[in-house]
Amino acid sequence: MMGWIGETVDSIKSIKIRQLLTQAVTLGMIVTSALIIWKAMMCVTGTESPVVVVLSGSMEPAFQRGDILFLRMTKDPIRTGEIVVFKIDGRDIPIVHRVIEVHERKTTGKVDVLTKGDNNDVDDIGLYADGQMWLHRHHIMGRAVGFLPYVGWVTIIMTEKPIIKYLLIGAMGLLVITSKD
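Residues numbered from 1 in each chain as written. Predicted model: local features only at pLDDT ≥ 70, side-chain atom pairs only at ≥ 80, totals over all residues. Heavy atoms only, no water.

A word on the domain arrangement of the protein. Domain boundaries assigned for the protein yield domain 1 (1-45) and domain 2 (51-155). Between domain 1 and domain 2, the contact holds 4 residues from the first and 4 residues from the second. Counting each side, the surface lost to burial between domain 1 and domain 2 is near 310 Å², with a carbon and sulfur contribution of 48%. On the domain 1 side of the contact with domain 2, Trp38, Met41 and Thr45 bury the most area, a combined 87% of that side's loss. Taken together, domain 1 and domain 2 are joined by 0 salt bridges. Here domain 1 is connected to domain 2 by 2 residue pairs in polar contact (both at pLDDT 80 or more). (Domains from an automatic or database assignment. Contact = heavy atoms within 4.5 Å. Buried area = accessible area lost by both parts, 1.4 Å probe. Salt bridge = Lys/Arg side-chain N within 4 Å of Asp/Glu carboxyl O. Polar contact = N/O pair within 3.5 Å; in protein donor to acceptor, adjacent residues only side chain to side chain.)

The 6 strands are arranged β1-β2-β6-β3-β4-β5 in an open sheet whose pairing can be described as antiparallel. Looking at the sheet topology across the chains shown, the edges are occupied by β1 (51-53) and β5 (111-116). Adjacent strand axes in the sheet meet at a mean angle of 50° when their direction is disregarded. Relative to strand β6 (residues 140-148), strand β2 (residues 68-72) runs antiparallel, the two sharing 5 bridges. (Pairing = 2+ DSSP bridges. Helix = DSSP H or I, 4+ residues; strand = E, 2+ residues; numbered from the N terminus. Axes fitted to C-alpha atoms, helices over the stretch in contact; angles between N-to-C directions.)

The UniProt feature table records "domain: Peptidase S24/S26A/S26B/S26C" (unreviewed entry) at residues 37-144. Helix makes up 8% of residues 37-144 and strand makes up 31%, while its end C-alpha atoms are separated by 20 Å. (UniProt positions renumbered as here; feature names shortened; annotations may be inferred.)

Turning next to a nonpolar patch on the surface. A grouping of Tyr150, Trp153, Ile157, Ile163, Ile164, Leu167 and Leu168 is seen on the molecular surface, where their side chains present a nonpolar patch of about 670 Å² in accessible area. Secondary-structure elements contributing two or more residues to the nonpolar patch are α3 (153-160) and α4 (162-178). With 4 residues, α4 is the largest single contributor of residues to the nonpolar patch. Mapped onto the elements of the fold, Ile164 is located in helix α4. Taking relative accessible area as the criterion, Ile164 reaches 31% and is therefore assigned partly exposed. (Patch = residues over 30% accessible without salt bridge, like charges linked within 9 Å, V, L, I, M, F, W, Y side chains within 5 Å. Areas by Shrake-Rupley, 256 points an atom, 1.4 Å probe, with all protein chains shown as cover. Buried < 20%, exposed > 50% of the residue type's maximum accessible area, 1.4 Å probe, protein only.)

Attention now moves to the nonpolar core. Proteins that are soluble and globular tend to have nonpolar side chains buried together. Of all hydrophobic cores here, the largest spans 12 residues; its members are Met73, Ile78, Val84, Phe86, Ile88, Ile95, Val99, Val113, Leu114, Tyr128, Leu135 and Ile140. Elements represented by at least two residues in this core include exactly β3 (83-86), β4 (95-104) and β5. Counting residues in each nonpolar core, the second largest holds 10 residues, with Val54, Ile83, Val96 and Met141 among its members. (Core = buried A, V, L, I, M, F, W, Y, C linked by side-chain atoms within 4.5 Å.)

In the structure shown here, the tally under the stated rule is 5 salt bridges. Between Glu82 and Arg143 there is a salt bridge, with the nearest N and O atoms lying 2.9 Å from each other. Here the residue Glu82 occupies a position in the loop between β2 and β3, and Arg143 occupies one in strand β6, the gap between them amounting to 61 residues.

Note on strand geometry: in a regular strand, side chains alternate between the two faces of the sheet. Here β3 shows a buried face lined by Ile83 and Val85 and a second buried face lined by Val84 and Phe86. As judged from the 3 bridges shared by β3 and β6, these two strands associate in the antiparallel manner. If you follow Val85 over to β6, its bridge partner there is Gly142.

In structure tokens, the structure reads:
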């Protein structure tokens with residue numbers, strides 16, 4: 001183990017400025033490419049968050065904790081039975097639940113939506129902001145159009161155990177710095 005650490009330290013010491021700049025530019029290009037892909041996905045899907053991770057068991061058996069959902073938002077009316085992701089005013093974390101009631105107001109054409117987790121006994125009125133009885137279009141981030149099971153556990157583990165996230169970032173940084181290519 002000490003041999004590997006000693007080699008890594010020697011490798012870091014032998015880095016030339018030109019090599020360091022090349023690696024920094026490469027890392028910058030990777031990060032920029034990821035951001036461009038994310039922004040393109042936002043444009044194509046019509047939602048600010050085209051991919052979300054299921055964080056609780058409230059939608060079991062349809063979705064398990066750790067599943068990744070792909071979202072899309074269109075102008076089409078929201079229908080009973082659809083699975084939507086919504087944000088409550090004053091809360092940062094979006095919620096994935098099924099639409100159980102939709103009311104269209106005849107005078108304005110606006111739609112009121114009531115949701116519930118498949119694994120929950122009651123509807124979501126208790127989750128909404130104080131005094132709020134319905135979700136409105138601006139609360140809904142998108143509709144679930146697909147999913148990948150269990151892939152989101154990486155995100156959950158890094159959120160619940162931040163030390164793992166820092167170790168992974170540090171290891172990737174060391175790999176970038178010490179690579180000879």
